[in-house]
Amino acid sequence: MRPSRRAPDELRPVTLERGVVKYAEGSCLVKFGDTHVLVTATLEERLPPWLKGQGRGWVTAEYGMLPRATLERTRREASAGKQSGRTVEIQRLIGRSLRTIVDLEALGERQITVDCDVLQADGGTRTASITGAWVALADCIAWMKARNMIKANVMRDSVAAISCGIYQGTPVLDLDYAEDSEAETDANFVMTGDGRIIEVQGTAEREPFTEAEFLALMALARKGIARLVDLQKLAVA
C-alpha cells in the first residue's frame with residue numbers, strides 16, 4: 001500500500017491555475033498534491049550575445065526553492081554565493097524541455113525566461129515545474145499574438161513531465177516525498193503531447209532494475225503524461 005493510499009497508476013490531485021502574477025506575460029501556479037510551484041514567463045527584447053543576428057529567439061529557465069519549501073529551512077543559494085549542482089541541472093532540464101517544442105525562428109530575436117519557484121516541496125518539483133512551465137509559456141505566446149508581435153505558430157506541441165518509481169517492489173506513478181525517499185528505483189520522464197520522448201532520467205537507488213521494470217515505468221509515465229496534457233489543454237482553452 002502506498003503511503004498516500006493511491007492506486008499504483010494514480011496521480012496526485014493536479015491543478016494548473018493561470019494568470020496568478022499581475023506583471024508577468026505568462027504565469028501558472030501548478031500543484032501536484034502538496035508540491036506547489038509558481039511559474040512565470042517573461043518576454044525580453046534581447047538575446048544572449050552568442051545568438052544575436054541569427055534570426056531566432058531563445059527560451060531559458062531558472063529554478064529555485066524558497067527557504068521553507070521543505071520541512072527544515074534551506075539556506076538561500078544567493079546567500080551562499082552560488083547555485084547548487086541540483087539547481088543548475090533542473091533549470092537546464094526545464095529549458096531544454098521547453099525549447100524542443102518551440103519554433104525559435106518563429107519567435108524572432110527575443111528571449112523568454114521561465115522562472116520556477118518552489119513554494120512547497122513534497123517530491124516531483126522538477127516534473128511539476130516543467131508541466132506548469134508549458135502553461136506559462138503558452139500564455140506568454142498568446143500575449144504576444146494578441147499584440148501582433150508574432151503571427152506564425154510558435155509552439156509545435158505541448159510538453160509535460162512525471163516521476164515514476166519502484167516502491168516496495170511495485171512500479172508506481174507520481175512519487176511524493178515519502179515514496180521518493182524510500183524507492184528502490186526512481187525516474188523522471190519528459191514527453192511531448194503526442195507521446196515523443198524528450199528526456200528520461202532513471203536511477204537504481206538499491207537494486208538494479210530490469211528492462212521489464214523500466215518498460216512498466218514507461219507505461220505508467222505515458223498514462224500519467226497523457227492525463228497531464230489533457231489538464232494543460234483545459235487550462236489554456
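Refer to the structure printed above.
Since we're looking at a predicted model, the values are computed, not measured.

A. Representation of the sheet that holds strand β1 (residues 14-18) within the structure. Taken in spatial order, the 5 strands of this open sheet run β1-β2-β3-β5-β4, and their pairing is mixed. Of all strands in the sheet, those with a lone pairing partner are β1 and β4 (58-65), marking the two edges. Across the sheet, the axes of successive neighbouring strands diverge by a mean angle of 15°, strand direction being ignored. Pairing between strand β3 (residues 35-44) and strand β5 (residues 111-120): 9 bridges, direction antiparallel. Its bridge partner lying in β5, T40 is registered against D115.

B. Looking closely at the pattern of salt bridges. What the rule picks out here adds up to 14 salt bridges. In this structure, the salt-bridge partner of K223 is D9, at a minimum N-O distance of 2.4 Å. Residue K223 is found in helix α6 (residues 211-236), and its partner D9 is found in the segment before β1; the two are separated by 214 residues along the sequence. Here K223 falls in the partly exposed class, since its relative accessible area comes to 48%. If you follow the salt bridges from partner to partner, you end up with R2, R6, R12, D174, D176 and E179 in one network.

C. Representation of the environment of H36. Note that H36 resides in strand β3. Judged by its relative accessible area of 17%, H36 is buried. Taking the C-alpha atoms as reference, H36 lies 22 Å from E199; in sequence the two are 163 residues apart. A distance of 3.1 Å separates a polar atom in the side chain of H36 from the backbone oxygen of G33.

Thresholds applied
Residues numbered from 1 in each chain as written. Predicted model: local features only at pLDDT ≥ 70, side-chain atom pairs only at ≥ 80, totals over all residues. Heavy atoms only, no water. Pairing = 2+ DSSP bridges. Helix = DSSP H or I, 4+ residues; strand = E, 2+ residues; numbered from the N terminus. Axes fitted to C-alpha atoms, helices over the stretch in contact; angles between N-to-C directions. Salt bridge = Lys/Arg side-chain N within 4 Å of Asp/Glu carboxyl O. Buried < 20%, exposed > 50% of the residue type's maximum accessible area, 1.4 Å probe, protein only. Polar contact = N/O pair within 3.5 Å; in protein donor to acceptor, adjacent residues only side chain to side chain.

Don't take any of this as a statement about function, it's just geometry.
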